[in-house]
Structures are given as C-alpha cells and as structure tokens.
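The primary structure of each chain is shown beneath.
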Amino acid sequence: MDGAVAWSCSVVSSLLKSPSPQVASCRAQHHAHACVPEHAAGAPVPASCLPGSAPAASRALPSAVQGGLHGQEDRRAARAGAHVALPTAQLPAAASGVCPLQPSPAAGAAQHREHAGRDPGADSPAPHPRDRGWHTAPLQPTHAPRKHALRVLDMTGLLDDGVEQDPGTMSMWDCTAAVARTCIAQQQGGTVEPGLDPIPVEVRVDLRVNRASYAFLREALRSSVGSPLRLCCRDLRAEDLPMRNTVALLQLLDAGCLRRVDLRFNNLGLRGLSVIIPHVARFQHLASLRLHYVHGDSRQPSVDGEDNFRYFLAQMGRFTCLRELSMGSSLLSGRLDQLLSTLQSPLESLELAFCALLPEDLRSLARSPHAVHLKKLDLSGNDLSGSQLEPFQGLLQAAAATLLHLELTECQLADTQLLATLPVLTRCASLRYLGLYGNPLSMAGLKELLRDSAAQAELRTVVHPFPVDCYEGLPWPPPASVLLEASINEEKFARVEAELHQLLLASGRAHVLWTTDIYGRLAADYFSL
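What counts and what doesn't
The numbers attached to residues start from 1 for each chain and follow its sequence in the written order. At least 70 in pLDDT is required for a residue's local features to be given in this predicted model, at least 80 for side-chain atom pairs to be given and counted, and no such filter applies to totals for whole chains, interfaces and linings, which use all residues. Side-chain metrics rest on all non-hydrogen atoms present in the structure, leaving aside hydrogens and water. UniProt positions are given in the numbering used here, feature names are shortened, and annotations may be inferred rather than shown by experiment. Helix and strand assignments come from DSSP, with helices taken as H or I runs of at least 4 residues and strands as E runs of at least 2, each series counted from the N terminus. Buried Ala, Val, Leu, Ile, Met, Phe, Trp, Tyr and Cys residues that are joined via side-chain atoms within 4.5 Å together make up what is termed a nonpolar core. Type-normalised accessible area, obtained with a 1.4 Å probe on protein chains alone, sets the label of each residue: buried when under 20%, exposed when over 50%, and partly exposed for intermediate values. When checking whether two residues touch, look at their non-hydrogen atoms; a contact exists if any pair is within 4.5 Å. A pair of aromatic rings is counted whenever rings of Phe, Tyr or Trp (Trp by its six-membered ring) have centres within 6.5 Å, and the orientation is called stacked for planes under 30 degrees apart, edge-to-face for over 60 and tilted otherwise. Fitting a line to C-alpha atoms yields each axis, with helices limited to the stretch in contact; the angle taken between N-to-C directions then spans 0 to 180 degrees. Throughout, the term roughly parallel applies to angles under 35 degrees, roughly antiparallel to angles over 145, roughly perpendicular to angles from 65 to 115, and oblique to all others. The handedness criterion is simple: a crossing whose near helix is rotated anticlockwise from the far helix by less than a right angle is left-handed, and one whose near helix is rotated clockwise is right-handed. Note that Gly is not counted as nonpolar here; it falls among the polar residues with everything else outside the nonpolar set of Ala, Val, Leu, Ile, Met, Phe, Trp, Tyr, Cys and Pro and the charged set of Asp, Glu, Lys and Arg. Working definition: a disulfide is two cysteine sulfur atoms within 2.5 Å of each other. In the analysis that follows, any N or O atom pair within 3.5 Å is treated as a polar contact, provided that within protein one partner can donate a hydrogen and the other can accept it, and provided that, for residues neighboring in sequence, both atoms belong to side chains. Salt bridges are identified by distance alone: a Lys or Arg side-chain nitrogen within 4 Å of an Asp or Glu carboxyl oxygen.

An unreviewed UniProt entry lists the chain under the name Leucine-rich repeat-containing protein 14, with Equus przewalskii given as the organism. Its UniProt record gives the chain the following Subcellular location (unreviewed entry) comment, quoted word for word: "Cytoplasm".

Below you can see the structure in the form of structure tokens.
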C-alpha cells in the first residue's frame, strides 16, 4: 500500500499548493467519481493526481470533459462551493476505477451530484448524527484571487478490518499514515505562492492508531493546529494503546467532528475506564462508543472498584447523542440496568458479547426504553440455554419491530432452545442478519430454522454452525471450544450444504446466504444499517 499512501500525500499537497484549484469541496469516491483540480483546457493532469505510473498519453483529460468544465467557466466563475465530480467513464484508463480514496458504500449518490452547474446555496437538511456521509456547507464568494479554492477534503469511510479490498485502494491504516505524513511535511516545509495567504483546508478522516504509530499520529495532530491543513477526525480507532496515550490523543481531537470512539484490546479495566471516560464525554456529538476487550469487571467487591463503576456511570450520563454502545468482554452481571438507566437517549445498537449476563439483566433490557429502538443486538458468548432463555425471548419480543441484525454466536443454543425461540424469532420481520455460529445445532434444527424463516422477507444472511451431525465422537453437551476446534467430517458437511441449498432454491430464496464463514463477512456497521 506504500504507493497508495504516497499518491494520497501528493494529492493533498498539490491541492493545497495549487494557485487556483476550481473546487470548493471534494469527496473522493472509488468506482464512482474522481475529484481532479481543473487545469487549462488540453493540458495534462499532473502525474501526482493519478495513481500508479500510467502512460503519458493517458494523462490528459478527455476533450469532452475539458470542454464541459471550461465551457461553463464564464457563467459560473462567481459561484463559490462548486464541486468537480467526474464520472469514471470520462476519466483516463489510468485513473478509472483505481482511486485509492474509497468512502463507505453507504454514502449516498445524492451527495456527489452537485456538479459545477448547480447552485450550492440551495437549502439542504442538517445531517443526522448517524449520517455516514458529510454535508458541506455552502461557501460564500470571496474576492481573493482563488475564488474556488479547495476547502474540504473528505477521506472518510475507507473500508478495513477484513473487508476484501481492491489492491489499488487505500485501507484505513494507509489513510492515517498518508494524512499524518502530509500534515507533518506541511508544518515543517510547506510553502505557498508568494503574495497569497494559505487557504485552510479541512481534511476529514477516520484515524486508526496503535502503539507503533501513536507518536507519529500525535505529532500530525499537533502539527495541524494552526496549520492550513486542519485534521478533522470522524472515527477514532485505538488498539492496544496505553491509557495515558489514549488520553493524549483524545485531547488533541476536535470536539465538533468526532462521531465514534473505538478502543480495542486496551485492557483498561474499570480504573482505566474511569480515567478515560471524562475525556470521551466531552465529545457531545458522539454517536458510537465501542469498548472492546477493556476487561472492566463491575463485580469487583472492593471499594475502589465500586467507586470506579459509579464514576463511570456518572460520565456515561453526559452523552446526549449516543446511539451505539459496545461493552464486549466487560463483566456486567447484575449491573446492566444501572448502566442503561444512566443514558440520556435510547440506543439503536447494543453489543454485550461475553458479558456474563444474568436473567435479570435480560429482563431489565427488555423493559428498558432501549429495547423498542434496537436495530443491532449482539449477545454472543452469553449462555442463553437455561434460565436465561425465557427472558431472552421476552427481549426478542420487545425488539421485534426494529431489529435488523442479531448476533448469537456461542450462546449454547441447541435444537430444543432454538425451536422454542422460533415463534418469537420469526416475528422479527425486518431481520437481515442472523448469526448462530458456535451453537450445538443439528441438521434437523437448521432445516426447521430455514423453513420458518421463510416469513422473514428481509433476511439476507444466516451464519450457522457446523451441524453436530458432522462431528465424530462429540461430547454432549459440547463446549463451545470443542465446536470451534474439533474436526468435522467433510463428506457429511458437503451433503448438508447441498441439502440446505436445495431447500433455499425450492422456497424461492436463492438470494439468501447460508454460510459457516464467520470470518469472511464483516458484521454490519451501525452506521450502515
């Protein structure tokens, strides 16, 4: 990906230094648009604006595109806020389809239809906190020599974390490195044309950081303060980062930009959370807080543990826009009601994987105002086979009208529990994804699920376990570790797959994916629901 990083650095730098780029806002979109500064008609696009080493002959904009842009220049030169969004079909082969600035698929095409011929001053609705895209405010005309200089460069929404990528696209890691290098270089040796003040450019990014890249990214964020390149972080993902480093990064971020904080594998515990959470709570527009494997144990009997938990709850009550909360591997036995009752607004996504939930936790969630708003629910790793089954069914009943994504990996659900849950599960009419991997289900149980789920017209993906019929000498009840690690009879499983496929075809649901591949498909992101 080094080529993609270098290409991105050169694009950001050239856009900042260009004497008269005829764009006020640019969102690069892979396989849809490539945003290119205007140049004199017939002139080649600088090599820095194209990825790779394309033949020189392919580096000129097609005449139709040049004429379309410059033929309208006289009528539109006074309009600020114009976008240049060139369809892929009109770009040279070297640029078409390989732009490494890849936003999320969910960013609507409507956001990219504002070409140079549309008045950017038209009214537009305010963005919702969940909005995956970014709306650029109309810019007022300026009497400076550069009337249409680039003001916003949006590099958010790059796919990562296991998504299959085109080798010509950037990952979230590459984007973080490219932006950081550009900001540091600009601060250390950036120049502008004599006589012209640098026009600030807001660079919107999603940042991913770990121990190895922390110092580099911290320097970039410091460099952007007072610099023509202003970093605006939308989503921050910090992995295996010490507490003090996490706090230092949070203090450098713009409170008006951040919508998600994602802390992974930090092993903070309740004490660490109580230190970090007030720094997170200052982001009043935060919509998503994801705390993966921080190992907070609310069951600690010590005075310090109880004090830390109460302080954590008090800080959680400061969020006004929070819609997604993930507390994976935080032991919340008997404390879930205390956590949920502190939140000011109902959640739409709740992940409680491996939280050792008790029946009363599930009951309190079902009674809470959050249940009727849930679109995504992850209860993986919680035992739902015994006394938890009935309250779990009550929770499904409460969330049935809104639930789109249900993850129940390793919940010890056997055929008996699944069949008892099917009547309420099939009432989730809008469900699109069901995850059941790692549960001791037989082929007979899976066939019952397949038949009954015919009523769920929106269902598109079912991640199911290898049926217990396909194992040899399996202990009963089988521990989840055995189901995940034991060898299966490949011949038996091939027959199972063929039978499931035929049942889907016979019911007219060939479009529904039934798979055991838990790693090949990225779980739906809340902002894409």
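(A) Structural view of unusual backbone geometry. Cis peptide bonds are those with omega within 30 degrees of zero, and the linkage from Trp476 to Pro477 qualifies with -5°. Inspection of the secondary structure assignment puts Pro477 in the loop between β14 (461-463) and α14 (480-485). In the Ramachandran plot, Phe265 falls in the positive-phi region, its phi being about 55° despite a non-glycine side chain. With respect to the helices and strands, the residue Phe265 is situated in the loop between β7 (260-264) and α7 (269-281). If you check the backbone angles, Glu410 has positive phi at about 55° while not being a glycine. Topologically, Glu410 is positioned in the loop between β12 (405-407) and α12 (415-425).

(B) Highlighting the nonpolar core. Residues Leu289, Phe312, Met316 and Leu352 are the most contacted members of the largest nonpolar core, which totals 110 residues. No other element matches α7, which puts six residues into this core. In this view, Phe312 contacts Leu273, Ile277, Leu291, Met327 and Leu339; residues no more than four positions away in its chain are not counted. Residues Leu404, Tyr526, Phe527 and Leu529 belong to the second largest nonpolar core, which totals five residues.

(C) Structural detail: the packing of aromatic side chains. According to the stated counting rule, one finds three aromatic pairs in the structure shown. When the ring of Tyr437 is compared with that of Phe466, the centres are 6.3 Å apart and the planes differ by 70°; the resulting orientation is edge-to-face. Of this pair, Tyr437 sits in the loop between β13 (433-435) and α13 (443-452) while Phe466 sits in the loop between β14 and α14, and the two are 29 residues apart along the sequence. Taking 4.8 Å as the distance between ring centres and 65° as the angle between the ring planes, the aromatic pair formed by Phe466 and Phe493 counts as edge-to-face. Remark: Phe493 occurs in helix α15 (residues 490-506) and Phe466 occurs in the loop between β14 and α14; sequence separation between them is 27 residues.

(D) Looking closely at the packing of helix α11 (residues 389-399) against α12. Between α11 and α12, whose axes approach to 9 Å, the crossing angle comes to 20°. As the angle between them shows, α11 and α12 are arranged roughly parallel. Helix-helix and strand crossings are classified by hand; for α11 and α12 the assignment is right-handed. The segment α11 lies against α12, with Leu389, Phe392, Gln393, Leu396 and Gln397 engaging Gln417, Ala420, Thr421, Val424 and Leu425. For the contact of α11 with α12, the class distribution of residues is six nonpolar, four polar and no charged.

(E) Looking closely at the packing of α12 against α13. Between α12 and α13, whose axes approach to 10 Å, the crossing angle comes to 5°. Classified by the interaxial angle, the pair formed by α12 and α13 is roughly parallel. Between α12 and α13, the residues in contact are Asp415, Leu418, Leu419, Leu422 and Leu425 and Gly445, Glu448, Leu449 and Asp452, respectively. Class assignment for the residues of the contact of α12 with α13 results in five nonpolar, one polar and three charged.

(F) Seen up close, the state of the cysteines. For the coordinates displayed, the defined rule picks out one disulfide. Each sulfur of the disulfide joining Cys232 and Cys257 lies 1.9 Å from the other. Across the disulfide from Cys232 to Cys257, rotation about the S-S bond amounts to roughly -115°, and the bridge is consequently left-handed. One end of the pair, Cys232, is in strand β6 (residues 229-239); the other, Cys257, is in the loop between α6 (243-252) and β7, and 25 residues separate them in sequence. Its relative accessible area of 10% is what places Cys257 among the buried residues.

(G) Just α13, in detail. Turning to α13, its buried residues are Met443, Gly445, Leu446, Lys447, Leu449 and Leu450. Check the buried side of α13 and you find it contacts α12, β13, α15 and β15 (513-515). One side-chain oxygen of the residue at the start of α13 lies 3.3 Å from the amide nitrogen of Ala444, identifying that residue as Ser442.

(H) Local environment of the pattern of salt bridges. All told, the structure shown has 24 salt bridges when counted by the stated rule. Measuring nitrogen to oxygen at the nearest pair gives 2.7 Å for the salt bridge that ties Glu202 to Arg230. Here Glu202 is found in strand β5 (residues 201-209), whereas its partner Arg230 is found in strand β6, with 28 residues between them in sequence. The partner of Asp262 in a salt bridge is Arg290, with the nearest N and O atoms 3.7 Å apart. A residue pair is termed long-range when its members are at least 10 positions apart, and Asp262 in strand β7 and Arg290 in strand β8 (residues 288-292) qualify at 28 residues. Given the relative accessible area of 10%, Arg290 is considered buried.

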